[in-house]
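Coordinates in review
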Amino acid sequence: MTSHDVRDVLNLPSDHSAGPRPAKKQKISGPRPNLKGLAREVQSLGGDNPIAIVPEEAVFKKRRIANRKPAARWELRGFTNSARGDDGALLLRHWRRKADLDPNHDAGQDGETQMTDGVVDGDKPPAEVIEDSAFAKYNVQVSVPQYSEEQYHSNLQNNDWTKEETDYLMQLVKDFDLRWPLIWDRYDYSPRPIDGEGVNGSEMAVVPARTPRTMEDLKARYYEVAAKMMAVQKAVQYMTGPEFQLYEIMQNFNAAQETARKEFALERMNRSKDEAREEESLLLEIKRILARTERFNEERRELYNRLDFQTTDSDITQFRGSAGLQSLLQNLMNVDKSKKRKSIMAPGEGPSPQSAVPGSAVSETAPNNRRESIAASVTGHRDSTAGTPATPVEPAAPAADKKKKGAQPVEKRNLSEQEKQIYGLSHHERLGSGPTFRYEKINKLYSHKSGQQQMRITNALAELDIPPRLAMPTALVTQQFEKLWTNVTSLVDLRKVSDRLDADIKVEEAKKAERDKKNKPAGETTEKEKDGTGAEKEKDKAAEMGTKDGESSKDKEGEAAAGEEKAKAGGDSNQGGDGAADDGSAPPGAADGAAGSPAKPKGGEADGDKDKEKEKEKTPRPGSSGGHKRSASVLSTTSDKSSKRQKK
Amino acid sequence: MAQQPLPSSVQPTTDMYGGDEVSALVLDPGYSTTRAGYAGEDRPKQVVPSFYGKINYDNGTRDIFGDEVIYPRANFERPNYMNRDSVVEDWDAATRLWEHVLIKRLQPARATPAIRNGLNDRGKNDENGDVDMGEGIEEQEEGEKPLAESPLLVTEAPWNTTKNREKAIEIAMESWGAPAFWLNKTPVLAAFAAGKSTALVVDVGCANASVVAVHDGMVLKRSIQRSPVAGSWLSGQIRSMWDSSDPKVEVVPTFMVENKKPVEAGQPAEARLKKFDFVVPESFRAFEEERLLTEFKESVVEVWRGPGKFQGPNEDFVKSQVGRVFEMPDGYNQMWREQRFKVAEGMWDETAAYPPLGGGEEGRVQKGQTIPALIKASLEGVDADLRANLVGNIVVTGASTLLNGFNDRLHMELTAMYPGLRIKIHAAGLSSERRFGAWIGGSILASLGTFHQMWISKKEYEENGAGIVEKRCK
């Protein structure tokens, strides 16, 4: 009955929405299959619902079709089970279809065989081969380590276990196929009574106390034996992977940990209801949190996927030009449209969403259609001089090569140091806006200094044959130069201080001399002067020796031995110099700069080029004292690299 | 067996269910009944009371077996061949009873050998050669043992003694000539019947309630726990309850009643009892009373399902509810309300049990004898790693577990004991599967193709003697 009918009965106005339905129904009922032997009128009585008449077959009992054939013959056939290992002593019998032999023969014998089936099959079975049970193959044995008497004595001795008990354990393991709960359950080792020494079979048999064993004890012993026997049979280094793994596991069996774990499990079992509920709720909470993070991650991944560029393995040369880019953009937009997804990029910023990808833009795997813009951004980020445009172009080329090969897996952010160097990639705290030149940075350094100091610094640099403006200011060179420069400035500062001190000393000495002249006879003063000058002379000598040593050593890269020797020499000179320098109560920082650690100047000298040393000798030094000489050598340490570069 | 017979032309696909039937016999002796049948079937063909019939004549005794012989007659005793431990005690009777079910009832009738059927008797005067030959045949026939065709699987209680086990194989091998023999413990088989190889089997039968952990088809010996709190103990409880109720309920078994009139509830019975011109032996009457008690258990007794123990407010609540009416054979009837819960409560709560009828402490339920206590103790004897798994695989078997509400109560007690664990009770819905759990397991086991390598063959028995059963059937 349809709703239409219901409405009809209840005299409800049929609403129009329900209107078309009956028509539809009628349509369905149209091609209803005509049941045979049923008048049309009777059929239509059912209305919309067809009368449920299941056509029934009038045949009372189907004639069996197969009954023409003779009945299938079966026989009680004996079989053995080879898994029993008793050479077929047990012959069990099951019913099997009789093999199709010669039918005549069968028919003749049928009666008798059926009769005698119950007993033994007379003379028939021996002729046939007795089949093996199909289930014999499921018989699987565990392999239990075997050991001989001497193997036991050489490898498996254990204070806690006698050989008998070990044998017993191994037997149990074999019997119960390594099922530990069973082994532990049935473990009931009672040591054999040790017979008393009495020859007359005295009653003095001593039964050693039985030690109750925990399952961990048993396992520990078994694994110990198994691991050792494994190692005996096959040296550890020859074991295959799985074997070694097994060996490792058995070797590392920790009974105490196992026991603790079991205690913990027991504790867990004995929790109260509240605890159980609490844990359950906590677990639920965790699950929820995990699900949430999962979802969050998923969303984030999706976001990244949208933000990230799609990488292609195809050739990109066609997108190099602006026309190519235009067509690419068109393509992308088409794809977006066909996906019917809200495009994340507005069509205008399609080709350069640089702003959307803040940090990750500078990567070699950036998509090909953005290659140019990235190259530009790279140059923008590097504080390069005008002389370096070659480097930023380079990264694009190899990357593009890689792309073409398609073999390189895509890596976004992890560049090795080497790659960073190759591609000129560097990270900075903060960069000023717009392009800058590196040499300007150096000029900035000078700007803080007074004119005189600038002069002095340029002089010092000139001494080292370094032009004030670098010829090729790569990042590395400028970096080194900066270092050099700071060192030079500090030295210049120091020289200023020491000069002043010298002057002070002289003034004071002059004053003193005058006072002495006034007060005392002249003899003592000369002595004192001698002392002072003597110290100075010594200092000079030591310094000279140091430089000579430096000259004489032919190795440019400074071997350790030579360096040490020189260090000693330098140390001497330092001590000599201390007398003078400390007098003047120079600030400790300055002293450090001047004297340094004894090894440093020496290393520098060792490193230093020969010709540079010579150069130092040649160049006239204004007011050169020991301290200054050394400071020059300090200079050389820091500048040697850059100077080398300069020379190249 | 309600299965579609295969057309004879189709070879049964053994490898599909791993079966390979060798027409093995399965014998499951219990305190209440002895079950026997062919392996591969789903219920035992023969179920006879273990209380067999024994008629004492002046010049000896005769044993009779089966249900149909049970009617009152003079000197008709009904002893049990098993003892209260569900272990065979009277081996002579056991052998005869087993022969009755296994050989007389289950083996096809054999044609009398031609030499003895009298049809060819005229050959008396024949040549000697013929007669000799005949004698030879006769000897050979005599040598044929009754069970030579069928391997035999016998079940045993997990606490069976070595001597008993050896005796069983001796009888099977020597008296009956079984080609192969196996002895298996009932909990394992009950677990198999439930389709599990690892389970905690709670078996509440007639004489014993036992809880045994089975791991991978083997009984864990340290987990074996048993107590007498089972079917016949419950009968004792009912007797105590009847005895202590007001008015006192007389136990009149059906065979004593000749004629009865309907009476109002609680009114004394008006029945004429049969007069026997011989003394009805006590054991016969006890057996018949047990039938009555069984009926009472089946139709009235119920286990309090919880929540909580029955004693206390729950008891008062039940008192206000409608109970169940039970009419005794003599017509006495009464509504049983809280009593019907209380008789079974001793299984769960030792303080609720009725004192045994005779008085004394012997039959009293001890603290560790209730079923929850048994389970707890059983799990204590098992490695910690197994416990959770066992609690999740509890198999309930035995006829006494068919008491209404048994499983619900068990579940409640277990959840109270182990709130943190997942508890799952597997109890067959079919009452025959619950009653014959161990037999069905044996039927499954003995018809498995992979089991045939386990049988103790006749040859092995001959080589090793009866001791082999200890070595093999672990």
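Keep in mind that what you see is a predicted model, and the values were worked out from it rather than measured.

**A few points about the overall build of chain A**
Tallying secondary structure elements over chain A gives 25 helices and three strands in all. Out of the 648 residues in chain A, the part that is buried amounts to 28%. Of the contacts formed within chain A by residues at least 6 apart in sequence, a portion of 62% connects residues at least 24 apart. Carbon and sulfur atoms make up 55% of the accessible area of chain A, which amounts to about 44,100 Å² in all.

**Focus on helix α9 (residues 338-345) of chain B**
Residue and element names in this part refer to chain B. Of all the eight residues making up α9, seven are buried; the element is thus mostly covered by neighbouring parts of the structure. Every buried residue belonging to α9 is among Glu338, Gln339, Arg340, Phe341, Val343, Ala344 and Glu345, and all of these are buried. Here the buried face of α9 lies against α6 (231-244), α8 (313-319), β15 (324-327), β16 (333-336) and α12 (406-417).

**As for the interface of chain B and chain A**
Opposite the 46 residues of chain B that make contact, chain A presents 39 residues. For the pair chain B and chain A, the number of links is eight salt bridges. Here Arg261 of chain A ties to Asp385 of chain B by a salt bridge, and the two come within 2.8 Å at their closest N and O atoms. Here chain B and chain A share 16 residue pairs in polar contact (both at pLDDT 80 or more) between them. Those elements that place two or more of their residues in the side of chain B that touches chain A are β11 (218-219), α11 (384-391), β19 (456-457) and α15 (458-464) of chain B. Of the residues forming the side of chain B that touches chain A, the biggest block, five residues, is contributed by α11 of chain B. Its residues placed into classes, the side of chain B that touches chain A shows 19 nonpolar, 15 polar and twelve charged.

**Focus: the pattern of salt bridges**
Scanning the model with the defined rule gives 51 salt bridges over all chains in all. The residue Arg84 of chain A makes a salt bridge to Glu460 of chain B at a minimum N-O spacing of 2.7 Å. One end of the pair, Arg84 of chain A, is in the loop between β1 (74-80) and β2 (92-97); the other, Glu460 of chain B, is in helix α15, on a second chain. The pair formed by Arg84 of chain A and Glu460 of chain B is uniform in burial state, with each residue classed as buried. Where Glu224 of chain A meets Lys228 of chain A, a salt bridge forms, and the shortest distance between an N and an O atom there is 3.1 Å. Linking Glu224 of chain A with Lys228 of chain A, this pair stays in helix α9 (residues 215-233), spanning four residues, or about one helical turn. Look at Lys228 of chain A and you get partly exposed, because its relative accessible area is 31%. Residues joined by salt bridges that share partners form a network here, namely Glu216, Lys219, Glu258, Arg261 and Lys262 of chain A together with Asp383 and Asp385 of chain B.

**Remarks on the packing of aromatic side chains**
Here the structure, examined in full by the defined rule, presents 27 aromatic pairs over all chains. Consider the rings of Tyr168 of chain A and Tyr187 of chain A, whose centres lie 5.2 Å apart with planes at 75°: the pair is edge-to-face. Taken together, the residues Tyr168 of chain A in helix α7 (residues 163-175) and Tyr187 of chain A in the loop between α8 (180-186) and α9 connect sequence positions 19 residues apart. Judged by centre distance (5.7 Å) and plane angle (90°), the ring pair of Trp91 of chain B and Trp98 of chain B falls under edge-to-face. For the pair shown, Trp91 of chain B and Trp98 of chain B are each scored as buried. Joined through ring pairs, the aromatic side chains of Phe76, Phe255, Phe276, Phe278 and Phe284 of chain B make up one cluster. One cation-aromatic arrangement involves Arg213 of chain A over Trp161 of chain A; the distance from NZ or CZ to the ring centre is 3.9 Å. Above the ring of Trp159 of chain B, the side-chain terminus of Arg226 of chain B is found at 4.3 Å from the ring centroid.

**A few points about the sheet that holds strand β8 (residues 180-185) of chain B**
Residue and element names in this part refer to chain B. An order of β3-β2-β1-β7-β8-β19 is seen for the six strands of this open sheet, with the pairing classed as mixed. Every other strand in the sheet has two partners, leaving β3 (46-49) and β19 as the edge strands with one partner each. Two elements, strand β1 (residues 25-29) and strand β7 (residues 152-156), share three bridges in a ladder whose sense is parallel. Across the sheet, residue Val26 finds its bridge partner in β7, namely Leu153. Across the sheet, helix α4 (residues 162-175) touches β7, β8 and β19, and the angle it forms with β8 is around 150°.

**A few points about unusual backbone geometry**
As a rule of thumb, non-glycine residues mostly have phi less than zero, and peptide bonds are mostly trans rather than cis. Residue Pro247 of chain B is reached from Asp246 of chain B by a cis peptide bond, and omega for that bond is 5°. Within the secondary structure, Pro247 of chain B is located in the loop between α6 and β13 (257-261). Unusually for a residue other than glycine, Asp177 of chain A sits at a positive phi of about 50°. Within the fold, Asp177 of chain A resides in the loop between α7 and α8. The backbone phi angle of Asp216 of chain B is positive, close to 55°, even though this residue is not glycine. With respect to the helices and strands, Asp216 of chain B occurs in the loop between β10 (209-215) and β11. Of the residues examined, Asp216 of chain B reaches a relative accessible area of 35% and is grouped as partly exposed.

**Concerning the nonpolar core**
Grouped together as the largest cluster of nonpolar side chains are 81 residues, with contacts concentrated most on Trp242 and Phe406 of chain B. If one sorts the elements of this core by residue count, α9 of chain A sits on top with nine residues. Once you skip the residues sitting within four places of it in the chain, Phe406 of chain B turns out to touch Val204, Val303, Met347, Trp348, Ile371, Val396, Ser400 and Thr401 of chain B.

**Remarks on the sheet that holds β1 of chain A**
All names here are of chain A. Taking strand neighbours across the sheet as the criterion, the three strands line up as β2-β1-β3 in an open arrangement whose pairing is mixed. Each end of this open sheet is capped by a strand with a single partner; those strands are β2 and β3 (131-132). The pairing of β1 with β2 spans six bridges and is classified as antiparallel. Opposite Phe79, over in β2, you have Leu92 as the bridge partner.

**Some details on a nonpolar patch on the surface**
Taken together, Val6, Val9, Leu10 and Leu12 of chain A make up a surface patch of nonpolar side chains, about 370 Å² in accessible area. Within the element layout of this structure, Leu12 of chain A appears in the loop between α1 (3-10) and α2 (20-29).

**Describing the confidence of the model for chain A**
Note that predicted coordinates carrying low pLDDT should not be read in detail. Residues and elements named next belong to chain A. Taken as a whole, chain A shows an average pLDDT of 67; of its residues, 52% reach a score of 70 or greater. Of all the helices and strands in chain A, helix α4 (residues 103-117) carries the lowest mean pLDDT, 41, while α8 carries the highest, 91. Low pLDDT, under 50, characterises residues 196-203; the predicted model gives this stretch two contacts beyond four residues in sequence or across chains. Below pLDDT 50 for its whole length, residues 524-530 participates in two contacts with residues either more than four positions away or in separate chains.

**With respect to the environment of Tyr446 of chain A**
All names here are of chain A. Within the fold, Tyr446 resides in helix α17 (residues 438-447). Spatially, the C-alpha atoms of Tyr446 and Thr489 are 10.0 Å apart, while their sequence positions differ by 43 residues. Those residues in contact with Tyr446 that lie beyond four places of it in its chain are Gln454, Ile457, Thr458, Leu461 and Trp485.

**Brief notes about the pairing of β7 of chain B**
Residue and element names in this part refer to chain B. The element β7 is extensively covered by neighbouring structure, given that five of its five residues are classed as buried. The side-chain alternation of β7 yields two buried faces, one formed by Leu152, Val154 and Glu156 and the other by Leu153 and Thr155. With five bridges joining them, β7 and β8 adopt parallel strand pairing. Bridge pairing in β8 links Glu156 to Lys185. For the crossover that starts at β7, traverses α4 and ends in the parallel β8, the hand is right-handed.

Cut-offs used in this document
Residues numbered from 1 in each chain as written. Chains lettered and ligands numbered in written order. Predicted model: local features only at pLDDT ≥ 70, side-chain atom pairs only at ≥ 80, totals over all residues. Heavy atoms only, no water. Helix = DSSP H or I, 4+ residues; strand = E, 2+ residues; numbered from the N terminus. Buried < 20%, exposed > 50% of the residue type's maximum accessible area, 1.4 Å probe, protein only. Contact = heavy atoms within 4.5 Å. Areas by Shrake-Rupley, 256 points an atom, 1.4 Å probe, with all protein chains shown as cover. Salt bridge = Lys/Arg side-chain N within 4 Å of Asp/Glu carboxyl O. Polar contact = N/O pair within 3.5 Å; in protein donor to acceptor, adjacent residues only side chain to side chain. Nonpolar A, V, L, I, M, F, W, Y, C, P; charged D, E, K, R; others polar. Phe/Tyr/Trp six-rings, centres within 6.5 Å; stacked < 30°, edge-to-face > 60°. Lys NZ or Arg CZ within 6 Å of the ring centre and 35° of its normal. Pairing = 2+ DSSP bridges. Axes fitted to C-alpha atoms, helices over the stretch in contact; angles between N-to-C directions. Core = buried A, V, L, I, M, F, W, Y, C linked by side-chain atoms within 4.5 Å. Patch = residues over 30% accessible without salt bridge, like charges linked within 9 Å, V, L, I, M, F, W, Y side chains within 5 Å. pLDDT = per-residue confidence, 0-100. Right-handed = clockwise from strand over helix to strand, strands pointing away.

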